[in-house]
Amino acid sequence: MQEPTFLILTALAAGPQHGYGIITDVVQISGERVRLQAGTLYAALDRLQGEGLVETDREEVVDGRARRYYRLTSEGEARLAIEAEHLRRNADTATSRLRTRLRPAFSIMVFRSAT
């Protein structure tokens with residue numbers, strides 16, 4: 001799963017949101033690394049709806065303009081949970097390997113600072 005898709009689903013895990021809400025939530029979740037353009041978001045939402053991961057929650061009119069809210073489906077929740085677990089396991093493996101790799105250097109630094 002691509003990171004923007006993961007972030008869109010993560011934003012919707014908090015509850016139904018409209019497009020601009022998703023865009024701003026993705027910026028926050030990603031630590032300002034990912035900024036979705038409206039066209040990119042709506043193309044992704046259309047694809048996610050086609051895959052059965054997202055559905056329209058409701059529409060309302062605000063200042064004369066239609067605002068559509070989206071929500072995760074139960075399949076979307078399951079896919080997000082699987083992907084989050086996959087990423088967690090990969091991150092745990094990377095962290096473990098880095099600790100092993102950095103441990104000898106860390107031990108030398110601790111030993112030198114103690115003398």
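Notes on the structure in this doc start here. (Residues numbered from 1 in each chain as written. Predicted model: local features only at pLDDT ≥ 70, side-chain atom pairs only at ≥ 80, totals over all residues. Heavy atoms only, no water.)

### Details of the overall build of the protein chain
Counting its regular elements, the protein chain contains four helices and three strands. When the helices and strands of the protein chain are listed from N to C terminus, the series reads α-β-α-α-β-β-α. Counting the 115 residues in the protein chain, one finds 29% classified as buried. A sequence separation of at least 24 residues applies to 44% of the contacts in the protein chain between residues at least 6 apart. If you sum the accessible surface of the protein chain, you get close to 7,900 Å²; carbon and sulfur atoms cover 53% of it. (Helix = DSSP H or I, 4+ residues; strand = E, 2+ residues; numbered from the N terminus. Buried < 20%, exposed > 50% of the residue type's maximum accessible area, 1.4 Å probe, protein only. Contact = heavy atoms within 4.5 Å. Areas by Shrake-Rupley, 256 points an atom, 1.4 Å probe, with all protein chains shown as cover.)

### A short note on the pattern of salt bridges
Under the criterion given, the structure shown has 10 salt bridges. Note that Asp-57 and Arg-71 form a salt bridge whose closest N and O atoms lie 2.3 Å from each other. Note that Asp-57 is positioned in strand S2 (residues 54-62) and Arg-71 in strand S3 (residues 65-72), a separation of 14 residues in sequence. Looking at Arg-71, the relative accessible area reads 30%, which means it is partly exposed. A salt bridge links Glu-85 to Arg-88, with the nearest nitrogen and oxygen atoms 2.5 Å apart. In this pair, Glu-85 and Arg-88 are both assigned in helix H4 (residues 74-114), three residues apart and thus about one turn of the helix distant. The class for Arg-88 is partly exposed, based on a relative accessible area of 39%. Connected via shared salt-bridge partners are Glu-55, Asp-57, Arg-58 and Arg-71. (Salt bridge = Lys/Arg side-chain N within 4 Å of Asp/Glu carboxyl O.)

### Some remarks on the packing of aromatic side chains
For the structure on display, the rule yields zero aromatic pairs. The lysine or arginine in question, Arg-58, covers the ring of Tyr-69, its NZ or CZ lying 3.9 Å from the ring centre. (Phe/Tyr/Trp six-rings, centres within 6.5 Å; stacked < 30°, edge-to-face > 60°. Lys NZ or Arg CZ within 6 Å of the ring centre and 35° of its normal.)

### Points about the layout of surface pockets
Of the volumes computed, that of the largest pocket is approximately 240 Å³. Secondary-structure elements contributing two or more residues to the lining of the largest pocket are helix H2 (19-29) and S3. Here the lining of the largest pocket takes five residues from S3, the largest share from any one element. Split by residue class, the lining of the largest pocket holds five nonpolar, two polar and four charged. (1 Å grid on protein atoms, 1.4 Å probe; cavity = no way out; pocket = protein on both sides within 12 Å on 5 of 7 lines; lining within 4 Å. Points joined across faces, edges and corners; volume = space filled by probe spheres on them. Nonpolar A, V, L, I, M, F, W, Y, C, P; charged D, E, K, R; others polar.)

Any functional reading would require information beyond the geometric quantities listed.
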